[in-house]
Each structure stands twice: as C-alpha cells, then as structure tokens.
Amino acid sequence: MRLFKDPAKGGCVGCHRFYDTGRDPALSMFTDYGYDAVAVPRNDKLPAHKADLGLCERSDARTPSNQAEYCVRFRTPSLRNVAVRGSYKHNGVFSNLRDVVAFYATRATDPKRWYKSGVKFEDVPAKYRERVNVASIPYNRREGDVPALSDPEIDAIVAFLQTLTDARYQGRAP
C-alpha cells in the first residue's frame with residue numbers, strides 16, 4: 001500500500017482513490033471515476049484493427065461527444081477484484097496484472113518494450129498523441145531513465161492489488 005500511495009513511486013492513488021482508514025468497503029472503490037489517456041499498446045489479437053478513440057468522435061445516442069479533450073481518454077476502472085479479471089485495459093491487451101503494473105511503471109522509460117511497431121503510443125491516431133498523459137507520475141520520465149518502480153516494487157504493488165479481492169472471489173484469481 002505504501003508504494004501504491006507514494007507520489008514519487010506508483011502514484012496510483014492519484015486516480016485509484018480509496019480510504020485506508022474507512023470501515024465501509026463501498027467507500028473505497030479504488031477509482032476517482034475520472035478519465036485518463038494512457039495509450040495502451042495495440043492488441044493484435046483483436047480481429048479487425050481500428051483505433052479506439054475513447055470518448056471522442058462518438059456519435060451513438062447514449063454517449064455522444066465531439067469534444068477534443070476526451071479523445072483517447074478512458075474511464076479509470078475500479079481496482080476492487082482486479083486480480084480475478086481475465087484481461088485488462090479497454091482493449092484487453094494484457095492478460096495478467098503484473099504486465100499492467102509494469103506497463104505503467106515503464107511505458108515512458110522503455111516504450112519499445114510495449115509498442116512493438118516502434119511507434120510510441122501506436123494505437124493512438126497521430127493527431128491525438130499529444131493528448132496522452134506524459135505529465136503524471138510514473139509517465140513523466142524520459143526514455144532511458146530509471147523507471148519509477150523496480151521489479152520487486154512492481155511485485156509488491158501486484159501483491160497489494162491481490163488483497164482487494166472480495167471473499168466470494170477468493171481462490172479464483174487467473
């Protein structure tokens with residue numbers, strides 16, 4: 001939990017808010033219900049590839065939006081029961097929780113690890129790449145810098161996230 005909350009490390013609590021002294025789990029959903037542009041890698045396992053623009057250029061009646069500020073932004077998910085999910089991120093690109101945390105920790109410092117095409121933020125249309133969050137920790141580092149989290153610290157955050165599993169799901173982690 002210390003690393004999860006530490007603004008110089010994961011800084012996760014900035015978007016995945018919770019009340020560590022509260023007794024009511026309903027008050028700790030581990031989300032701010034906001035939106036962020038993190039530019040997850042392309043999921044080549046999806047049939048026909050089409051970049052997902054998040055909340056912009058949407059014309060459906062339920063969630064229409066032509067506001068540029070929402071382009072490539074996706075809802076910050078709750079982390080409750082995160083360890084029992086079968087896939088992660090809006091496009092399902094990650095199949096395990098450790099890869100998700102490692103992506104957050106190293107996206108800025110080692111982009112070639114994640115963007116196989118060699119193009120940083122490959123699944124974000126070029127005209128929206130400037131909207132990707134590069135200011136918040138841990139995204140605010142430069143390529144080649146030391147990541148905000150070491151491998152043991154990534155493992156510690158994953159272990160913490162596994163504790164967020166409700167009793168009814170215990171033993172079901174993939």
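Residues numbered from 1 in each chain as written. Predicted model: local features only at pLDDT ≥ 70, side-chain atom pairs only at ≥ 80, totals over all residues. Heavy atoms only, no water.

(A) Up close: the overall build of the chain. In terms of helices and strands, the chain carries 4 helices and 2 strands. Shown N-terminal to C-terminal, the secondary structure of the chain runs as helices and strands in the order α-β-β-α-α-α. Whereas a compact globule of 174 residues would reach a radius of gyration of roughly 16 Å, the chain reaches 16 Å, a difference of no more than 12%. Here the C-alpha coordinates of the chain stretch approximately 45 × 45 × 30 Å along the principal axes. By residue count, 38% of the 174 residues in the chain fall in the buried class. Taking as baseline every contact in the chain between residues at least 6 positions apart, the subset at least 24 positions apart corresponds to 63%. Accessible area of the chain: about 10,200 Å², with a carbon and sulfur share of 51%. (Helix = DSSP H or I, 4+ residues; strand = E, 2+ residues; numbered from the N terminus. Rg over C-alpha atoms; globule rule 2.2 N^0.38 Å. Buried < 20%, exposed > 50% of the residue type's maximum accessible area, 1.4 Å probe, protein only. Contact = heavy atoms within 4.5 Å. Areas by Shrake-Rupley, 256 points an atom, 1.4 Å probe, with all protein chains shown as cover.)

(B) Molecular detail of the state of the cysteines. Summed over all chains, the structure comprises 1 disulfide. The thiol sulfur of C12 is not disulfide-bonded, and the nearest other cysteine sulfur, from C15, lies at 9.0 Å. Take C15: its relative accessible area is 28%, and that puts it in the partly exposed class. (Disulfide = S-S within 2.5 Å.)

(C) Examining the nonpolar core more closely. Ranked by internal contacts, the top residues of the largest apolar core, which has 38 residues, are F4, I157 and L161. For this core, the secondary-structure elements that each account for two or more residues are α1 (2-5), α2 (97-106) and α4 (151-162). With 6 residues, α2 is the single largest residue contributor to this core. In contact with L161, not counting residues within four places along its chain, are F4, L79, V82, L97 and V101. (Core = buried A, V, L, I, M, F, W, Y, C linked by side-chain atoms within 4.5 Å.)

(D) Local environment of the environment of R168. With respect to the secondary-structure elements, R168 resides in the segment after α4. It is 9.9 Å that separates the C-alpha atoms of R168 and N81, two residues lying 87 residues apart in sequence. Polar contacts involving the side chain of R168 include one to the side chain of Y169, which spans 3.3 Å. (Polar contact = N/O pair within 3.5 Å; in protein donor to acceptor, adjacent residues only side chain to side chain.)

(E) The arrangement of the packing of α2 against α4 in detail. Interaxial distance between α2 and α4 falls to 9 Å at its minimum, and their mutual angle equals 130°. Compared by their axis directions, α2 and α4 come out oblique. The two elements α2 and α4 cross, and the hand of that crossing is right-handed. Taking contact as the criterion, the partners of L97, R98, V101, A102 and A105 in α2 are, on α4, D151, I154, D155, I157, V158 and L161. Considering only residue class, the contact of α2 with α4 consists of 8 nonpolar, no polar and 3 charged. (Axes fitted to C-alpha atoms, helices over the stretch in contact; angles between N-to-C directions. Parallel < 35°, antiparallel > 145°, perpendicular 65-115°, else oblique. Left-handed = near helix turned anticlockwise from the far one by under 90°. Nonpolar A, V, L, I, M, F, W, Y, C, P; charged D, E, K, R; others polar.)

(F) Examining the environment of E130 more closely. Relative to the assigned elements, E130 resides in the loop between α3 (111-114) and α4. Look at E130 and you get exposed, because its relative accessible area is 67%. Separated by 99 residues in the primary sequence, E130 and T31 place their C-alpha atoms 24 Å from one another.

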